[in-house]
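Fold and geometry: a report
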Amino acid sequence: MGGNPRVFDLSHVALHTTRNDCWLVINGQVIDVTKFLEEHPGGEEVLLEASGKDATKEFEAIGHSKAAYGLLLEYQVGVMRGFKHANAAPAEDDTGEGTKARACVMTGSAIKDDKKTRCLGAIEFVLPLVVASFAFWYHYSSAGLTGMTQ
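Because the structure is predicted, anything quoted here is derived from the model rather than measured. Along each chain, the written sequence defines residue order, and numbers are assigned to residues from 1. Given that this is a predicted model, residues contribute local features only at a pLDDT of at least 70 and side-chain atom pairs are listed and counted only at 80 or more, while totals for whole chains, interfaces and linings are drawn from all residues. Note: side-chain values were computed over all heavy atoms of the structure, leaving out hydrogens and water.

In this section: helix α4 (residues 66-75). Within α4, burial applies to A68, Y69, L72 and Y75. An end-on view of α4 places all buried positions within 125° of arc, on one side of the element. Structural note: α4 exposes A67, L73 and E74 on the side pointing more than 90 degrees away from its buried face. Contact criterion: two residues are considered in contact whenever any of their non-hydrogen atoms come within 4.5 Å of each other. Secondary structure counts use DSSP, requiring at least four H or I residues in a row for a helix and at least two E residues in a row for a strand, with both numbered from the N terminus. Contacts made by the buried residues of α4 are with β3 (21-26), β4 (29-32), α3 (56-62) and β5 (76-80). For each residue, the accessible area found with a 1.4 Å probe, counting protein chains only, is set against the maximum for its type, and the residue is called buried under 20%, exposed over 50%, and partly exposed in between. What the arc describes is the spread of directions from the helix axis to the C-beta atoms.

We now examine the nonpolar core. Among buried residues, the Ala, Val, Leu, Ile, Met, Phe, Trp, Tyr and Cys ones that are joined through side-chain atoms within 4.5 Å form a nonpolar core. With 16 residues, the main nonpolar core has L24, I31, V33, L37, L47, F59 and L72 as its most contacted residues. Every element with two or more residues in this core is listed here: β3, α2 (44-50) and α4. Counting residues per element, this core draws most heavily on α4, at 4 residues. Beyond its immediate chain neighbours, meaning those up to four positions away, I31 contacts C22, W23, L24, L72, Y75 and Q76. Listed in part, the 6 residues of the second largest apolar core include F8, V13, W23 and V30.

Spatial relationships are all this shows, so hold off on functional conclusions.
In structure tokens, the structure reads:
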């Protein structure tokens, strides 16, 4: 989104709630997800339910990837009144009258990529395999012992 971002009120975003015109708000960013509906891994219904309103809590509760946060910028069409991008000029109102929006720093969440998280991910993958292998071994080794006593 180059230049001054367009500024919207929630009432304007609420008008965009169909498959052909689907907007939502995440962290003060107005996102047009119309072209992304079919590609969304969680299905288009999730986006349609969140359309026309602030979906920040739902978005962050899922734990989206870095790529998902990058897509926010790709599909962003503006900002909510009272928010502005860091290092951006004051936003102009969507009415075209040139009124300036009150500037606030837009908040966002960072995704950490540290060794501890990666290690836990590996443990969560390997541990069930070890447990399943042990159960498999125990089941078949005790079955062999049962057959020897008869």
